[in-house]
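Spelled out, the chains give:
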Amino acid sequence: MVKPCLEPKSSSAPRGSFIIRQAGPEDAAQWLELVRVNLGDNYPAREVYDLRWIAAQLDAHCGEETWVAEYGGRILASASFLRPADANNNPVSNIGRNLNREEAYFCGAAEALICEVTQQAQHLNQMAVVRVPATDSRQQLIYEKMGYVCVGYQPCKHILRSRQGILFYVRPAAPVLGTRMPLSESLPQISELATRVLSNLNIPTPISVRDGATGYPLQTELDVQQATAEDFEVWRAQAQLNNPPAEVSSGFNRNLGLLRIENPDAPVQFLLGLLNSQIVCGMSYIFDPHDKCVRVLECFTTNDYSLGHLLNHLTKLSANSLSAAYIEIDVLMSAPRLLKTAEQLGFVPVAYLPAFFLHNDHHHDVVKMVKLNLVYNVESQGMTAGASATIKIVDQNLQDQKVGIAVINLLRSLPLFEGLGDGELRKVARLFKQKLYQPGEVVFKKADPGSEAYIVMRGQVDICLEESPRPIATVSNGQIFGELAFLDGSPRAARAVSKQPSIILVMERPSFTQLVQREPHLGLVVVRNLAEDLSNKLRRTNVAHSAAIR
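Rules used in this analysis
- Residues numbered from 1 in each chain as written.
- Predicted model: local features only at pLDDT ≥ 70, side-chain atom pairs only at ≥ 80, totals over all residues.
- Heavy atoms only, no water.
- Axes fitted to C-alpha atoms, helices over the stretch in contact; angles between N-to-C directions.
- Helix = DSSP H or I, 4+ residues; strand = E, 2+ residues; numbered from the N terminus.
- Parallel < 35°, antiparallel > 145°, perpendicular 65-115°, else oblique.
- Contact = heavy atoms within 4.5 Å.
- Nonpolar A, V, L, I, M, F, W, Y, C, P; charged D, E, K, R; others polar.
- Phe/Tyr/Trp six-rings, centres within 6.5 Å; stacked < 30°, edge-to-face > 60°.
- Buried < 20%, exposed > 50% of the residue type's maximum accessible area, 1.4 Å probe, protein only.
- Lys NZ or Arg CZ within 6 Å of the ring centre and 35° of its normal.
- Pairing = 2+ DSSP bridges.
- Salt bridge = Lys/Arg side-chain N within 4 Å of Asp/Glu carboxyl O.

(A) Molecular detail of the packing of helix H1 (residues 28-39) against helix H2 (residues 51-58). Contact geometry for H1 and H2: axes closest at 9 Å, N-to-C directions at 105°. Between H1 and H2, the angle falls in the class roughly perpendicular. Together, Ala28, Ala29, Trp31 and Leu32 of H1 and Leu51, Trp53, Ile54, Ala55 and Leu58 of H2 make up the contact between the two elements. Of the residues that constitute the contact of H1 with H2, the class distribution is nine nonpolar, no polar and no charged.

(B) Quick peek at the packing of aromatic side chains. Throughout the structure, instances matching the rule amount to seven aromatic pairs. Aromatic side chains Phe444 and Tyr454 sit 5.5 Å apart centroid to centroid with 40° between the ring planes, which places their arrangement in the tilted category. Of the two residues, Phe444 is situated in strand S17 (residues 442-444) and Tyr454 in strand S18 (residues 452-458); the sequence distance between them amounts to 10 residues. The pair Phe444 / Tyr454 is uniform in exposure class, with both members buried. Through pairs of rings, three or more aromatic residues link up here, namely Phe232, Phe270 and Phe300. Above the plane of the ring of Phe444 lies Arg492, whose end atom (NZ or CZ) is 4.3 Å from the centre.

(C) Representation of the environment of Val280. Structurally, Val280 is set in strand S11 (residues 278-288). Since its relative accessible area comes to 9%, Val280 is described here as buried. A C-alpha to C-alpha distance of 8.5 Å links Val280 and Trp235, two positions 45 residues apart in sequence. Those residues in contact with Val280 that sit more than four places away from it in its chain are Leu222, Gly273, Leu275, Phe300, Thr301, Thr302, Asn303 and Ser306.

(D) Region of the structure containing the packing of helix H10 (residues 336-344) against helix H13 (residues 422-429). Between H10 and H13, whose axes approach to 5 Å, the crossing angle comes to 60°. Here H13 runs oblique to H10, going by the angle between their axes. Judged by residue contacts, Lys340, Glu343 and Gln344 of H10 engage Asp422, Gly423, Glu424 and Lys427 from H13. Residue composition of the contact of H10 with H13, grouped by class: no nonpolar, two polar and five charged.

(E) Representation of the environment of Val442 within the structure. Within the element layout of this structure, Val442 appears in strand S17. Separated by 57 residues in the primary sequence, Val442 and Lys499 have C-alpha atoms spaced 9.5 Å apart. Ignoring any residue separated from it by four or fewer positions in sequence, one finds Val442 in contact with Tyr437, Ala496 and Val497.

(F) Representation of the sheet that holds S18 within the structure. Strands sit in the order S16-S23-S18-S21 across an open sheet of four strands; the sheet is antiparallel. With partners counted over all chains shown, the strands left at the sheet margins are strand S16 (433-437) and strand S21 (480-481), one partner each. Relative to S21, S18 runs antiparallel, the two being bridged by two bridges. The partner of Ile455 across the bridge, within S21, is Ile480.

(G) Geometry of the side chain of His290. With respect to the helices, strands and loops of the structure, His290 is situated in the loop between S11 and strand S12 (293-301). Residue His290 is classed as buried on the basis of its relative accessible area, which comes to 6%. Contact partners of His290, with chain neighbours within four places excluded, come to Pro44, Ala45, Ile159, Leu256, Gly257, Ile261 and Asn263.

(H) Representation of the pattern of salt bridges. A complete count under the given rule lists 23 salt bridges for this structure. For the salt bridge of Lys427 with Glu343, the shortest nitrogen-to-oxygen distance reads 3.1 Å. Taken together, the positions of Lys427 in helix H13 and Glu343 in helix H10 put the pair 84 residues apart, joining distant regions of the chain. In this structure, Lys427 and Glu343 share a single accessibility class: buried. Ionic pairing is found between Asp422 and Arg412, a salt bridge with its closest N-O pair at 2.9 Å. Here Arg412 lies in helix H12 (residues 405-412) and Asp422 lies in helix H13, a separation of 10 residues in the sequence. Residues joined in a network through salt bridges with shared partners are Lys157, Asp288, Arg295, Glu328, Asp330 and Lys368.

Written out as structure tokens, the structure reads:
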């Protein structure tokens, strides 16, 4: 197919006409040149520099199609239709491996190539999705011109020459959107992104936003074990006999890195959860050594409470054992409990993908949730206005993660907050304010109203009875005090005095009460921990009293 070449804006750009065609094994050497131009010589997947591997990828029999824009026998641009890992009916064309020479932008070759692959997706009545570097405004402009809408932003997603943020663009397909499940509600953390995406796609779906949805428990008696693929499939098939609701968009992407390379050295891993020696849930995932990330693939459960513990286990495994930069999971919008569980664990919605999952003849919206284990910075340039607006929404949610990291780490170590996920700890951390106390300064007096709880970030505080100058206890770094009167509102039973210059975190009771009303699971965990602490203290007191009267 011959396309006219537009007047170039650079003297190095070709003039005349170029050809859009499907690539074949004979194009391996030129495709390798495109890789070197775009990614340099140090891309983590070394296969991309192997001509034999490239030739096999460009072969039409491999299941993927790679299309190129050619001028004068020289390939200027390339894009591929990437096949899903498993055969599925999801109405999505995944366009990837976008590689362009500089002159492809100036002469129109890059735009003509994108136009062709977009038309092919349209002929299949499929939604088209593509990942674009956040710093590449030229690709963004071309896709937006072709009717694509920016639906998400994921910082630090891919390692190219360095770790870069990626924008998700989607071009809608009317037959698919016409049969999507209408939304009945959206969690507050998701609603702003969803509203923007649906509005830009001209989808008039009203979203009812509510807070207080209940997630799955994060800690149960579940015993989590590694499993084989065979065992996982057996138990997953058995669970499917009860026709459980789908919660995770699965089977789409198991390959690695920006170029989606299949790597036999990074196999799918499987977890099974046992309760009373019975398999009740399972989860599969892959660790991507290129981008240093964990991607949840699919899950199943036979009860209504074990999935949260399993996701919590994988989240900790990802950070502590695998040193993953992030973990991601694609959750159906029709699975509010799993969405809430992910939020409780510190996941943030980074992309909203309408009608991307087909289940029981209905198309469901998908939310990409990501938990970062590293500090990130938003790309400061190289994005369009539409992309910037989406980035702003995602960044606002992620900024909440940055705020109070030291406080979150401190709360995580306190028995009072044991069992809360990072997302819940972040909400508690926002309630605390820092105060500086000088030596001898009174934090509170005996009989004062118990309206505040305190944590010592740095320093020491003496707890004294009014009638005795000697402290009955000393509270130091990382310890909490005043929590009993704080929770029940009773007057203080002692006074607290700063022993040395101290930085103290202070939380007011009304703000905590409002949070607990919105987050019942959080309140339940805190009250349970407090009850266990009081029970242990009472038990120790009884033992000490019994020993004293013998």
